[in-house]
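Analysis of the macromolecular model
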Amino acid sequence: MLSGIPLFPEQASTLAPEVDNLYFFVTAVTAFFALLVVVFVVIFAIKYRDPTGERVGAPITGSIPLELGWSIIPFFISMVMFGWATVVFFNIVRAPDQTLEIYSTGKQWMWRFQHIEGQSEINELHVPIGRPVKVIFTSEDVLHALYIPVFRVKADAIPGRYSSIWFTPTRVGEYHLFCAEYCGTKHSGMIGRVVVMEPNDYQAWLSGGGGLSMQARGEQLFQQLGCASCHLPDGMGRGPSLAGKYGAQETLANGATANVDDTYIRESVLTPQMRLVAGYQPVMPTFQGQVNEEGLMSLIEYIKSLPSTGQRAAAQAAAPGPAAPGGPR
Ligand code: CUA
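Residues numbered from 1 in each chain as written. Predicted model: local features only at pLDDT ≥ 70, side-chain atom pairs only at ≥ 80, totals over all residues. Heavy atoms only, no water.

1. Here's the deal with the overall build of the protein chain
- Helix and strand counts for the protein chain stand at eight helices and 12 strands.
- Taking 2.2 N^0.38 as the reference for a compact globule, 329 residues should give roughly 20 Å; the C-alpha atoms of the protein chain span a radius of gyration of 27 Å, well beyond that estimate.
- Considering only C-alpha atoms, the protein chain reaches an extent of 95 × 50 × 45 Å along its principal axes.
- In the protein chain, buried positions account for 36% of the 329 residues.
- Taking as baseline every contact in the protein chain between residues at least 6 positions apart, the subset at least 24 positions apart corresponds to 66%. (Helix = DSSP H or I, 4+ residues; strand = E, 2+ residues; numbered from the N terminus. Rg over C-alpha atoms; globule rule 2.2 N^0.38 Å. Buried < 20%, exposed > 50% of the residue type's maximum accessible area, 1.4 Å probe, protein only. Contact = heavy atoms within 4.5 Å.)

2. Let's talk about the packing of helix α1 (residues 15-47) against helix α2 (residues 64-93)
- For the pair α1 and α2, the least separation of the axes is 10 Å and the interaxial angle reads 160°. Comparing the axis directions of α1 and α2 gives the class roughly antiparallel. Pair α1 / α2 crosses with left-handed handedness. Residues L15, E18, V19, N21, L22, F25, V26, V29 and F33 of α1 pack against I77, V80, M81, W84, A85, V88, N91 and I92 of α2.
- When grouped by side-chain class, the residues that make up the contact of α1 with α2 number 14 nonpolar, two polar and one charged. (Axes fitted to C-alpha atoms, helices over the stretch in contact; angles between N-to-C directions. Parallel < 35°, antiparallel > 145°, perpendicular 65-115°, else oblique. Left-handed = near helix turned anticlockwise from the far one by under 90°. Nonpolar A, V, L, I, M, F, W, Y, C, P; charged D, E, K, R; others polar.)

3. Let's talk about helix α6 (residues 262-270)
- Within α6, eight of the nine residues are buried, leaving the element largely enclosed by the surrounding structure.
- Within the span of α6, buried status applies to D262, Y264, I265, R266, E267, S268, V269 and L270.
- Where α6 is buried, its residues contact β1 (100-107), β5 (133-139), β12 (257-259) and α7 (293-305).

4. Structural notes on the domain arrangement of the protein chain
- Assigned domains within the protein chain: domain 1 (8-45 + 67-211) and domain 2 (214-309).
- Distance between the C-alpha centres of domain 1 and domain 2: 32 Å.
- At the junction of the two partners, domain 1 supplies 17 residues and domain 2 supplies 12 residues.
- Roughly 1,300 Å² is buried in total at the junction of domain 1 and domain 2, and carbon and sulfur atoms are behind 53% of that figure.
- Scanning the region where domain 1 abuts domain 2 turns up two salt bridges. (Domains from an automatic or database assignment. Buried area = accessible area lost by both parts, 1.4 Å probe. Salt bridge = Lys/Arg side-chain N within 4 Å of Asp/Glu carboxyl O.)

5. Thoughts on a nonpolar patch on the surface
- Side chains of F32, F33, L35, L36, V39, F40, I43, F44 and Y48 sit close together on the surface and give an oily, nonpolar patch of about 860 Å² of accessible area.
- Take F32: it is sitting in helix α1. (Patch = residues over 30% accessible without salt bridge, like charges linked within 9 Å, V, L, I, M, F, W, Y side chains within 5 Å. Areas by Shrake-Rupley, 256 points an atom, 1.4 Å probe, with all protein chains shown as cover.)

6. Structural notes on the sheet that holds β1
- Read across the sheet, five strands follow the order β3-β2-β1-β5-β8 without closing on themselves; strand pairing throughout is mixed. Where the open sheet ends on each side, the last strands, each with one partner, are β3 (120-122) and β8 (163-167). Within this sheet the neighbouring strands show an average axis-to-axis angle of 20°, counted without direction.
- By the bridge criterion, five bridges tie β5 to β8 in an arrangement that is antiparallel. Bridge pairing links V133 to F167 in β8.
- Contacts from helix α3 (residues 199-207) reach β1, β2 (110-115) and β3, with the element oriented near 95° to β2. (Pairing = 2+ DSSP bridges.)

7. Some details on the pattern of salt bridges
- In total, this model carries 11 salt bridges according to the counting rule given.
- Note that D20 is salt-bridged to R152, the shortest N-O span being 2.7 Å. Placement of the pair is D20 in helix α1 and R152 in the loop between β6 (144-148) and β7 (153-157), with a sequence separation of 132 residues.
- Salt-bridge contacts for K304 lead to E301; the nearest nitrogen and oxygen are separated by 2.9 Å.

8. Re the nonpolar core
- Counting residues in hydrophobic clusters, the biggest one holds 33 residues, and the most contacted among them are W111, L125, V135, I148, F151, I165 and F167.
- Among the elements that line this core, the one with the most residues is strand β10 (residues 192-197), at four residues.
- If we skip the residues at most four places from it in the chain, I165 touches V133, K134, V135, F137, L146, I148, V153, K154 and A155.
- Judged by nonpolar contacts, the second largest core, of 28 residues, contains M214, F222, V291 and I303. (Core = buried A, V, L, I, M, F, W, Y, C linked by side-chain atoms within 4.5 Å.)

9. A few points about the sheet that holds strand β9 (residues 173-179)
- With mixed pairing, five strands are arranged side by side in an open sheet as β4-β10-β9-β6-β7. Taken across any chain shown, the strands that pair with only one partner, and hence form the sheet edges, are β4 (124-128) and β7. Mean inter-strand twist for the sheet, computed between neighbouring axes without regard to direction, equals 20°.
- Judged from the five bridges that link them, β6 and β7 form a sheet pairing that is antiparallel. Considered in β7, the bridge of L146 is made with A155.

10. Quick look at the packing of aromatic side chains
- What the rule picks out here adds up to 13 aromatic pairs.
- Between the aromatic rings of F75 and F76, the centroid separation amounts to 5.4 Å while the plane-to-plane angle is 75°, which identifies the pairing as edge-to-face.
- Three or more aromatic residues joined by ring pairs make a cluster, and in this case those are F40, F44 and Y48.
- The ring centre of Y147 lies 4.6 Å from the NZ or CZ of K154, which sits over that ring.
- Geometry around Y162 places R266 over its ring, the cationic atom sitting 5.8 Å from the centre. (Phe/Tyr/Trp six-rings, centres within 6.5 Å; stacked < 30°, edge-to-face > 60°. Lys NZ or Arg CZ within 6 Å of the ring centre and 35° of its normal.)

Here it is as structure tokens:
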């Protein structure tokens, strides 16, 4: 619909038409009423013009129906905008369950993308068409924002926190990717491209080198940093077992509960005493400075992959060989 208007970026995701339709509705309503006012100003200026300058207008005493009308009608129109925008907003922020996850870190002045299978790339993001993709990202230094106009998605990259965007590409091609938050001298150069590929091409691209999967890298770190010596899988170690914990709830020492998600794992590595699991001593040291953002993301991927002991037994009974890494969870 918009391809003829160079003012607007292409629509290359399932979210793009939703965002644009809302945008056009709001613009159309605003333009209609703005024009209406201008037209009446002009009409009245002509109709009631007074070249003699001697006519005096009749006094106006007000009109209840008129005042109710111009209060109630705009109220309902703005409620339509609000309701519609709420639906679109939820679609933008809530990723579907089955997504292809890609991790990213922004830093002065580049974007690094890390595919779970092991491929990593800088200022380029390869994604397959027709599949929901979720990019989970943070910043290593200052505020940045990951912005892909053709997908109509944008979110801030905040140091110490995970943000995410999701989209389902609908068109093969190469598109712009920007940093949309002023982040220093070379902010304007913090740009890149998104390459949307056919699924087969994407698989071929993925397998073209890349080294260890994030899960394998996470496992290495888990051993190197000594996590494995306390977090025994049977729960008998000095720290809680991490097997099957991703996505579960953990009861904390202070009686509260915590969802074991990316944020909780990141925090537990860097500031272990912050939300300590009930029944364990605060003996874990901080790993601040010993593991970078990408290491943390790999650790998360590894912990995600750990089956609970029951699941592991079932998996071994059902099929020989390990479960495929990096599949949708
Ligand atoms: Cu990074 Cu602007």
